[in-house]
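Secondary and tertiary structure notes
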Amino acid sequence: MDQFERYLQYQKEVAQAKLKVVERFQQHRQSKPPKRTSNIDIVQNVLKNTGYPMHVSDIIRMAQEQYQVKLNRDSIVSAILKKINDGQIFIRTAPNTFALKTYNNE
């Protein structure tokens, strides 16, 4: 085998090794499931996007339109109230009407 043929064989092996690395990374990226968005995150995003307090019925409607997710009214109100009681994220502005806590600071 002359020097040129060895060089070609070396280049072929390098290219095959690179291809294996690329394929491994592609498989790894494809195998990751998409990150799920929690119901509280959806509510938070809806309120952030609107920029003002909303009644829970409107939050549910907007979540359906924006995220194609049907939120359970009782579950979401309960979760929001837990966050309010912990002093996190939300405030209650009227019965079943909620806003982000940051609205209060602005």
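Everything in this summary refers to the structure shown in the same document. This is a predicted model, so every value here is computed, not measured. (Residues numbered from 1 in each chain as written. Predicted model: local features only at pLDDT ≥ 70, side-chain atom pairs only at ≥ 80, totals over all residues. Heavy atoms only, no water.)

The next thing to look at is the packing of helix H2 (residues 39-50) against helix H3 (residues 56-67). When two helices pack together, their arrangement is given by the angle between their axes and by how far apart the axes lie. At a closest axis distance of 10 Å, the pairing of H2 and H3 adopts a crossing angle of 95°. By the criterion of interaxial angle, the relationship of H2 to H3 is roughly perpendicular. Each of Ile42, Val43, Asn45, Val46, Leu47, Asn49 and Thr50 in H2 lies in contact with H3, whose residues at this interface are Ile59, Met62, Ala63, Gln66 and Tyr67. Across the contact of H2 with H3, the residue classes break down as eight nonpolar, four polar and no charged. (Axes fitted to C-alpha atoms, helices over the stretch in contact; angles between N-to-C directions. Helix = DSSP H or I, 4+ residues; strand = E, 2+ residues; numbered from the N terminus. Parallel < 35°, antiparallel > 145°, perpendicular 65-115°, else oblique. Contact = heavy atoms within 4.5 Å. Nonpolar A, V, L, I, M, F, W, Y, C, P; charged D, E, K, R; others polar.)

Ordered in space as S1-S3-S2, the three strands form an open sheet in which the pairing is antiparallel. Only two strands of the sheet have a single neighbouring strand rather than two, namely strand S1 (54-55) and strand S2 (90-94). With two bridges joining them, S1 and strand S3 (residues 97-100) adopt antiparallel strand pairing. Bridge pairing links Met54 to Phe98 in S3. On top of the sheet, helix H4 (residues 73-85) reaches S1, S2 and S3; it is set at about 110° to S2, its chief contact. (Pairing = 2+ DSSP bridges.)

Keep in mind these values describe shape, not function.
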